[in-house]
Amino acid sequence: MESYGGGGLRGARRSVPLAACAVLACVLSSLPASAHARSPEMRDRSEWNLPADTAAVGIEDLYKLLHQAYQGPGHAVPSREAASLYLREEWAELDPAGPDEELLDPLVQGSPFLRLNLRPFKDGGGSIDSLLDAFVRSAGAPIDSTGFARAWQSAASTIEGGGVPWSIDEYRRLDERVRPLGYPAIHHSDAYERRFRPAYRVLSRPEAERLIATLAARGKNAR
C-alpha cells in the first residue's frame, strides 16, 4: 500500500479553535461539488494547491496531486483491515501540527477529493475511527479518470510556459515511466517528504464535510 507520508516524533496535542473549523466548513461549502464544474484542463497553475515553497516540490508531487484529485484513495485501501493498521501506526507517531498546517488541502479547484491532514485533525480532537470510516467510504467514491488524464496532459503546456519549478524534460521522463503502467499512484519525492513530512488521508468532499461538521459540533459542545 502506498505511503501517505511519515508521522514524526510524538508530542503534546494542541487544540484547533472552533472558529477554524467554521472557516473550513465555509471553504468546503464554496467549492464546486464536481470536477466537471470547471474545465478539467489545467490552464493556470493557480488551480494546483501546491505549497508556497516549491523548491522541494518535484514533478512526482504534481503528478500525485493530480492523481489524488481525480482518482481518489481507492488504491490505498486494499482492505479495511490494512487501512486501519497503517492509519493506527501512523497516528501513534504523529507530532503536533505546525502553526501553518491546514486541516484541509483542496488539491485542485473543482476536484471531488481533498487531503485531510492528520496532525491538525488529531490535535483538534478528531476521531481516528471516524476518519477510518470516511477514508474507506471515500475509496468507493466515483473517480474521474478522464479528468485526471486531461489535467496531466495539459500540465505539459503549463510547464512549457514557464513559471513553474519543473522542466518539460522532467515531465516527459516521468510520463514515460508511468504511462506504460497505466498511470498508477506513486510516492512523493524524497525532497517533498523531508521538507513537508506529509501525513494525510485523501477523502471525498462529502466525507470531509461530515468530519468537519463533527469536529465543529464537538468543539461547540465542549464550550
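Quantities reported herein were computed from a predicted structural model and do not represent experimental measurements. (Residues numbered from 1 in each chain as written. Predicted model: local features only at pLDDT ≥ 70, side-chain atom pairs only at ≥ 80, totals over all residues. Heavy atoms only, no water.)

1. Quick notes on the nonpolar core
Here is step 1 of the chain: Within the largest apolar cluster, 28 residues are counted, with the highest numbers of intra-cluster contacts made by L66 and W166.
Here is step 2 of the chain: Sort the elements by how many residues they give to this core and helix α2 (residues 59-71) lands first, with seven residues. (Core = buried A, V, L, I, M, F, W, Y, C linked by side-chain atoms within 4.5 Å. Buried < 20%, exposed > 50% of the residue type's maximum accessible area, 1.4 Å probe, protein only. Helix = DSSP H or I, 4+ residues; strand = E, 2+ residues; numbered from the N terminus.)

2. Looking at the layout of surface pockets
Unfilled space is identified by rolling a water-sized probe across the atoms.
Here is step 1 of the chain: Space inside the largest pocket adds up to approximately 590 Å³.
Here is step 2 of the chain: Around the largest pocket, the lining comprises 22 residues; the ones closest to its centre are P51, D100, E101, D105 and F196.
Here is step 3 of the chain: Contributions of two or more residues to the lining of the largest pocket are made by β2 (113-117) and α8 (190-196).
Here is step 4 of the chain: Per element, the largest residue contribution to the lining of the largest pocket is three residues, and it comes from α8.
Here is step 5 of the chain: Class assignment of the residues belonging to the lining of the largest pocket gives a composition of ten nonpolar, three polar and nine charged. (1 Å grid on protein atoms, 1.4 Å probe; cavity = no way out; pocket = protein on both sides within 12 Å on 5 of 7 lines; lining within 4 Å. Points joined across faces, edges and corners; volume = space filled by probe spheres on them. Nonpolar A, V, L, I, M, F, W, Y, C, P; charged D, E, K, R; others polar.)

3. Points about the side chain of R115
Here is step 1 of the chain: Secondary-structure assignment places R115 in strand β2.
Here is step 2 of the chain: With no salt bridge to any partner, buried R115 finds its closest opposite charge in D105, at an N-O distance of 5.2 Å.
Here is step 3 of the chain: Within the structure, R115 has its side chain in polar contact with the side chain of Q68 (distance 2.7 Å).
Here is step 4 of the chain: Apart from the residues lying within four places of it in its own chain, the contact partners of R115 are K64, L65, Q68, L103, L104, D105, L107, H188, Y192, Y200, R201 and V202. (Lys, Arg positive; Asp, Glu negative; His and termini not counted. Salt bridge = Lys/Arg side-chain N within 4 Å of Asp/Glu carboxyl O. Polar contact = N/O pair within 3.5 Å; in protein donor to acceptor, adjacent residues only side chain to side chain. Contact = heavy atoms within 4.5 Å.)

4. A closer look at the pattern of salt bridges
Here is step 1 of the chain: Throughout the structure, instances matching the rule amount to twelve salt bridges.
Here is step 2 of the chain: For R195, the salt bridge goes to D53, with nearest N and O atoms at 2.9 Å. One end of the pair, R195, is in helix α8; the other, D53, is in the loop between α1 (18-30) and α2, and 142 residues separate them in sequence.
Here is step 3 of the chain: We classify R195 as partly exposed; its relative accessible area is 44%.
Here is step 4 of the chain: You can call D53 partly exposed: its relative accessible area is 30%.
Here is step 5 of the chain: D95 is the partner of R197 in a salt bridge, and the nearest nitrogen-oxygen pair spans 2.7 Å. Taken together, the positions of R197 in the loop between α8 and β3 (200-204) and D95 in the loop between α3 (80-92) and β1 (104-105) put the pair 102 residues apart, joining distant regions of the chain.
Here is step 6 of the chain: Taking relative accessible area as the criterion, R197 reaches 34% and is therefore assigned partly exposed.
Here is step 7 of the chain: D95 gets classed as buried once you look at its relative accessible area, which sits at 16%.
Here is step 8 of the chain: Via salt bridges that share partners, D95, E101, R119 and R197 belong to a single interconnected network.

5. Here's the deal with the sheet that holds β3
Here is step 1 of the chain: The strand order across the open sheet built from three strands is β1-β2-β3, with neighbouring strands paired in antiparallel fashion. Only two strands of the sheet have a single partner each, and these edge strands are β1 and β3.
Here is step 2 of the chain: Two elements, β2 and β3, share five bridges in a ladder whose sense is antiparallel. Among the inter-strand pairings, L114 is bridged to a residue of β3, identified as L203.
Here is step 3 of the chain: Its contacts with the sheet put helix α5 (residues 128-139) on β2 and β3, and the angle it makes with β3 is roughly 55°. (Pairing = 2+ DSSP bridges. Axes fitted to C-alpha atoms, helices over the stretch in contact; angles between N-to-C directions.)

6. Re the packing of helix α6 (residues 145-160) against helix α7 (residues 168-178)
Working note: a packed helix pair is described by the angle between its axes plus the distance between those axes.
Here is step 1 of the chain: Where α6 meets α7, the axes come as close as 9 Å, and the angle between the chain directions of the two elements is 160°. If you check the angle between α6 and α7, you find them roughly antiparallel. The handedness of the crossing between α6 and α7 is left-handed. Touching W152, Q153, A155, A156, I159 and E160 of α6 are I168, Y171, R172, L174 and D175, all from α7. (Parallel < 35°, antiparallel > 145°, perpendicular 65-115°, else oblique. Left-handed = near helix turned anticlockwise from the far one by under 90°.)

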